[in-house]
Amino acid sequence: MSSIEQIIKINEELKGIFNFIRTDKVVKPDFDEYLATIGAKSLTASQIEKVFLPYIFERAIGKESKPVIEMFIESSEVKNSDIAKAMEDNIYSVFLIKKVLKNGFELYNLINEKLYTVNSLTKMTNLRGIYAGQFIIARIFNYKSEYYLIEIANVLNESQKGDAYKYAVMKAVQNPELVYKDNPEKEKEICENISDMYKKFIKKFDTDEIITSNKYADDIIGSFCDDEVGDLREKIVPVNEYKYFDVPELRNTYNNFMENSVGGFATHNATYDVGIVFDKEKGLYAIPFYQTFCKIFEGENVENKEACIKYFLTNDAVSDRLLKRVSDKYKNFMSVINEVMNTNYTFDELIKAYKSYYLDHNMYSSATVLYSSQAFSGTFDFMESMLNKPSTPNIPKDIGRNDPCPCGSGKKYKNCCMNATVNV
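Residues numbered from 1 in each chain as written. Predicted model: local features only at pLDDT ≥ 70, side-chain atom pairs only at ≥ 80, totals over all residues. Heavy atoms only, no water.

1. Description of the side chain of E209
With respect to the secondary-structure elements, E209 resides in strand β8 (residues 209-213). A relative accessible area of 18% means that E209 is categorised as buried. Engagement of the side chain of E209 in a polar contact is seen with the side chain of R325, the distance being 3.1 Å. Apart from the residues within four sequence positions on either side, E209 is in contact with F201, I276, V277, Y290, R325 and K329. (Helix = DSSP H or I, 4+ residues; strand = E, 2+ residues; numbered from the N terminus. Buried < 20%, exposed > 50% of the residue type's maximum accessible area, 1.4 Å probe, protein only. Polar contact = N/O pair within 3.5 Å; in protein donor to acceptor, adjacent residues only side chain to side chain. Contact = heavy atoms within 4.5 Å.)

Printed below as a string of structure tokens:
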């Protein structure tokens, strides 16, 4: 089958999915509610076709939270379409456009550091204004050894490179598997880093688990990862009281994510415990209130213990393996959980209910994955340089590219305030 024939077949499948969500008795009411929520209920049919793609890939329905695309695949009319299955395993990322091709693009994925040649499902004339050097937040998928561009959610100009990397890092923190998805070489690199770092951690601390204050956690992690010489154990300082409470700085959003992350735990106003845990297979975790959570199963009267338990169950940063670690340590783990949550779960049922994503994906810790991420290291270098940079004075209109930068950095203007962005 030629590429043109495959594109026709894929577009026919998309039309089938669109008809499905407009007619299925379970999906249709939810889709109508979705349109109303995003203020798109009054759109024309052709306009609705442009907004339904995020819905089918990111919306989950019912008690089982089943993705809409999965419901389509399971529908009796479809009989497990191979195209829809390929779409289900899509890659949603930030891409740098390296080249504009006759029938598509050459794209560099900022998150998994892989180069893709992708075919457009629409005529290239419909994509005028998109050119090499720009960034796109887009969705691609592999069908029969060829990649296809299924959705472009946003386009960022070259001057917005910092925003592109910021978004890429945030996505990587939220979904660490995106860093190595579809890139086995990257996953191999991460596994090798985990093995080396685990041996180094045990040699350094004689344990795979450290409890300290958030005021010292950054120093311990940073010094360890940078392989600094010296005894870090003097910085393992416990907190005076173990209790759970809300920490506003931990509620990261797109707007504050990088700023909070550059500052680290130590910049937070409150003092709380942080567990630095190294899992031999999945990597390094830094978990706020880890020891507070453990104290609940030691019978201590932990303040806000119900909220603490809910935090550990619903926080995506807490993996199934961390819960298993605590469960193995405390034999009363499930009885306490069930009493507080008013449930009757076994441990396996608890993990399936709250950590199913970990069961379905091979997940390494975000801290270890980001240690291997070029986007992460490059973005933080950029953020730190901007935080330490003196405020820029008014730029003379006649300043040359090679003139000293007026900000006083000592660099040429072209290498400083003229283009204060992250290098690719």
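2. Here's the deal with the pattern of salt bridges
Summed over the entire model, instances satisfying the criterion amount to 20 salt bridges. Its salt-bridge partner being E74, residue K66 comes within 3.1 Å of it at the nearest N-O pair. Exposure remark for E74: the relative accessible area of 45% places this residue in the partly exposed category. Through salt bridges with shared partners, a single ionic network connects D208, E209, R325 and K329. (Salt bridge = Lys/Arg side-chain N within 4 Å of Asp/Glu carboxyl O.)

3. Points about the sheet that holds β8
Ordered by their spatial adjacency, 3 strands build an open sheet running β8-β9-β10, and the pairing between neighbours is antiparallel. Looking at which strands have only one partner, the edges of the open sheet turn out to be β8 and β10 (283-288). Neighbouring strand axes in the sheet, compared pairwise and without regard to direction, differ in orientation by 20 degrees on average. Relative to strand β9 (residues 273-279), β8 is paired through 5 bridges, and the arrangement is antiparallel. Within β9, the residue paired with I211 across the bridge is G275. (Pairing = 2+ DSSP bridges. Axes fitted to C-alpha atoms, helices over the stretch in contact; angles between N-to-C directions.)

4. Points about the packing of helix α10 (residues 290-297) against helix α11 (residues 305-314)
Taken N-terminus to C-terminus, the directions of α10 and α11 make an angle of 120 degrees; their axes are 10 Å apart at the nearest point. Taken together, α10 and α11 sit at an angle that is classed as oblique. Once α10 is placed against α11, the crossing between them reads as left-handed. Residues Y290, T292, F293 and I296 of α10 pack against K305, C308, I309 and F312 of α11. Taken together, the residues of the contact of α10 with α11 break down into 6 nonpolar, 1 polar and 1 charged. (Parallel < 35°, antiparallel > 145°, perpendicular 65-115°, else oblique. Left-handed = near helix turned anticlockwise from the far one by under 90°. Nonpolar A, V, L, I, M, F, W, Y, C, P; charged D, E, K, R; others polar.)

5. Concerning the environment of N269
Locating N269 in the fold gives a position in the loop between α9 (257-263) and β9. The spacing of N269 and E249 is 20 residues in sequence and 8.7 Å in space, taken between C-alpha atoms.

6. Some details on the nonpolar core
One recurring pattern in soluble globular proteins is that nonpolar side chains are buried together. Judged by nonpolar contacts, the single largest core of 74 residues is most densely connected at L110, I276, F293, F297, F312, L323 and F333. Sorting elements by how many residues they give to this core places helix α6 (residues 161-174) first, with 7 residues. Those residues in contact with L323 that lie beyond four places of it in its chain are F293, F312, L313, V318, F333, F347, I351 and K355. Residues F31, F57, M87 and I150 belong to the second largest nonpolar core, which totals 33 residues. (Core = buried A, V, L, I, M, F, W, Y, C linked by side-chain atoms within 4.5 Å.)

7. Some words on helix α13 (residues 333-341)
Counting buried positions over the 9 residues of α13 gives 7, a clear majority of the element. Lining the buried residues of α13 we find α10, α11, α12 (320-329) and α14 (347-354). Following α13 by one or two positions, N342 has its phi on the positive side, about 55 degrees.

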